Amino acid sequence: MKIYNTLNKKVEEFIPNVEGKVKMYTCGPTVYHYAHIGNLRTYIFEDVLEKGLSYLGYEVNRVMNITDVGHMTSDSDTGEDKMEKGAIREGKTVYEIADFYEKAFFKDTEKLNIKTPETVERASEHIDKYIEIIEKLLKDGYAYISDGNVYFDISKAKDYYKLSGKTAEDLMIGVRDTVEEDKAKRNPGDFGLWFTVSKFANQDMKWNSPWGIGYPGWHIECSGISAEYLGEYLDIHCGGVDNIFPHHTNEIAQSEAYFGHKWCNYWVHGEHLNDKEGKMSKSKGEFLTVSLLEEKGYNPLSYRLLCLNSHYRNQLSFTWESLDGAQKAYVKLKNKIKLLDRTPDLHESKLDKYIEQFRGAIENDLNTSNMITLVYDVIKDDDLSDFTKLYLINEFDKVLSLDLIELESSIDDETDKQIQKKIEERNNAKKNKDFSTADKIRDELLEKGIKLIDTRDGTKYELI
Ligand code: AMP
Ligand code: ZN
């Protein structure tokens with residue numbers, strides 16, 4: 001697979017640390033408000049990347065955090081605390097805000113068919129890990145205590161600017177523009193690892209630490225959670241392009257200082273969704289949510305299709321006209337698929353060509369629009385039986401997740417009972433080591449368009 005690596009600024013062959021296995025970390029939402037559809041574009045891209053890797057046969061271990069503490073509106077150490085901002089806005093506690101918007105986030109991702117990563121961890125529940133990392137950074141001279149806070153000294157980091165390509169001068173311009181320059185820092189670009197002294201002295205979320213009662217900085221959360229669940233070598237780290245600096249830059253600095261070696265090989269970033277004024281963001285007041293799209297009569301999956309039709313590395317300008325277009329295309333496509341005849345007639349010899357092309361689209365820096373084109377190509381191909389078309393579309397939808405084939409509606413209770421009976425017969429045959437009968441049952445069902453899938457929780461089936 002080839003993928004664009006922000007670290008080396010080029011498309012590269014993806015080679016994981018351990019053959020066949022991928023350790024993937026993706027920055028999660030800051031749960032102080034609803035996710036806007038720009039944020040969700042990034043999660044759609046990460047979802048397709050995870051599913052694409054799985055489709056290619058990799059075993060993907062993906063971890064995501066929930067940021068419920070420490071994230072400032074500036075993404076650096078200045079501005080307001082996002083969680084406090086949410087609490088004040090709604091007259092609730094920070095914990096209530098975090099709980100409400102975390103649930104809202106997963107409701108939205110579910111509507112967009114975004115798979116929840118196997119490991120999702122709240123930042124506020126890993127304080128001990130951050131303390132352990134910060135203690136080591138202090139001991140090794142990468143961090144220092146000043147005015148009660150602990151900072152990371154960026155002058156000690158090896159090649160601090162390697163991810164962003166920014167220079168110290170670029171950074172100085174940003175700092176000069178910032179009114180709230182922190183005099184406690186040795187270098188203007190240093191960032192907070194632990195705060196005991198801040199303008200948010202009254203905030204709810206605070207913990208004991210060797211440096212006094214306080215709370216962690218935003219960046220240390222991702223380094224800590226990644227270290228805890230994925231260990232010291234990471235294959236892929238994702239996020240939106242706004243995360244490149246300062247967030248991911250700081251993650252690299254502290255993680256590599258902590259581990260004493262290179263940490264993550266591939267940094268993969270999704271471009272922004274823009275509105276008329278530029279990058280869609282929550283600070284602008286009004287912003288677009290999944291619920292708003294639904295209220296206006298859009299299927300959230302039309303938005304998923306809109307995103308998949310553009311490449312993750314291109315900016316996407318959101319307009320209602322483009323969403324209208326995506327919705328029309330989506331309805332039309334589903335209707336075409338609905339008309340396909342489900343009589344079992346699989347042309348196995350015709351599958352490889354398309355499956356190879358589909359894999360090729362994944363391997364080509366996650367070319368999602370090519371994947372969609374392939375769905376249309378299959379539908380148009382007169383050489384394929386309808387059943388073969390359905391089989392292929394079902395394969396592609398494992399990555400696209402557009403619900404292109406509606407399964408539930410076509411299986412009635414009676415058929416389901418019969419299939420379950422066959423599954424039981426097959427399980428008994430397997431128990432008795434009568435594998436030829438077991439295989440026969442599987443093949444007979446496959447002939448009828450029912451594919452059995454053996455999982456850890458038992459045998460399931462899907463229609464092809
Ligand atoms: P946040 O909840 O603010 O921490 O952001 C969650 C994710 O959304 C991060 O990975 C950001 O990089 C990403 N993001 C923020 N704004 C946009 C946007 N307009 N388009 C795409 N992704 C975005
Ligand atoms: Zn992060």
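Residues numbered from 1 in each chain as written. Chains lettered and ligands numbered in written order. Predicted model: local features only at pLDDT ≥ 70, side-chain atom pairs only at ≥ 80, totals over all residues. Heavy atoms only, no water.

A closer look at the sheet that holds strand S8 (residues 191-195)
At step 1: If you trace the four strands from one edge of the open sheet to the other, you get S6-S7-S8-S9, paired in antiparallel fashion. Edge positions in the sheet fall to strand S6 (143-146) and strand S9 (215-216), since each has one partner strand and no second.
At step 2: Relative to S8, strand S7 (residues 149-152) runs antiparallel, the two being bridged by three bridges. Paired with tyrosine 151 across the bridge in S8 is glycine 192. (Pairing = 2+ DSSP bridges. Helix = DSSP H or I, 4+ residues; strand = E, 2+ residues; numbered from the N terminus.)

Side note on the coordination of the zinc ion (ligand 2)
At step 1: The coordination sphere of the zinc ion (ligand 2) contains the protein donors Cys27 (SG), Cys222 (SG), His247 (NE2) and Glu251 (OE), at a distance range of 2.0 to 2.8 Å.
At step 2: Spacing between the donor residues of the zinc ion (ligand 2) along their common chain follows C-x194-C-x24-H-x3-E. Linking histidine 247 with glutamate 251, this pair stays in helix H7 (residues 244-259), spanning four residues, or about one helical turn. (Donors = N, O, S within 2.8 Å, 3.2 Å for Na, K, Ca; no water.)

Considering the pairing of strand S2 (residues 10-13)
At step 1: One ladder, built from four bridges, connects strand S1 (residues 2-5) with S2; its direction is antiparallel. By the bridge assignment for S2, tyrosine 4 is matched with valine 11.
At step 2: Between the end of S1 and the start of S2, which pair antiparallel, lie four residues, with lysine 9 showing a positive phi angle near 55 degrees.

What about the pairing of strand S4 (residues 59-66)?
At step 1: The buried fraction of S4 is high, at six of eight residues.
At step 2: When strand S3 (residues 21-26) meets S4, the two strands line up parallel, connected through six bridges. Looking at the pairing, threonine 26 lines up with methionine 64 of S4.
At step 3: With helix H1 (residues 37-55) bridging S3 and its parallel neighbour S4, the resulting β-α-β unit is right-handed.
At step 4: Pairing of S4 with strand S5 (residues 119-122) involves four bridges; the strand directions are parallel. For isoleucine 66, the partnering residue across the bridge sits in S5 and is arginine 122. (Buried < 20%, exposed > 50% of the residue type's maximum accessible area, 1.4 Å probe, protein only. Right-handed = clockwise from strand over helix to strand, strands pointing away.)

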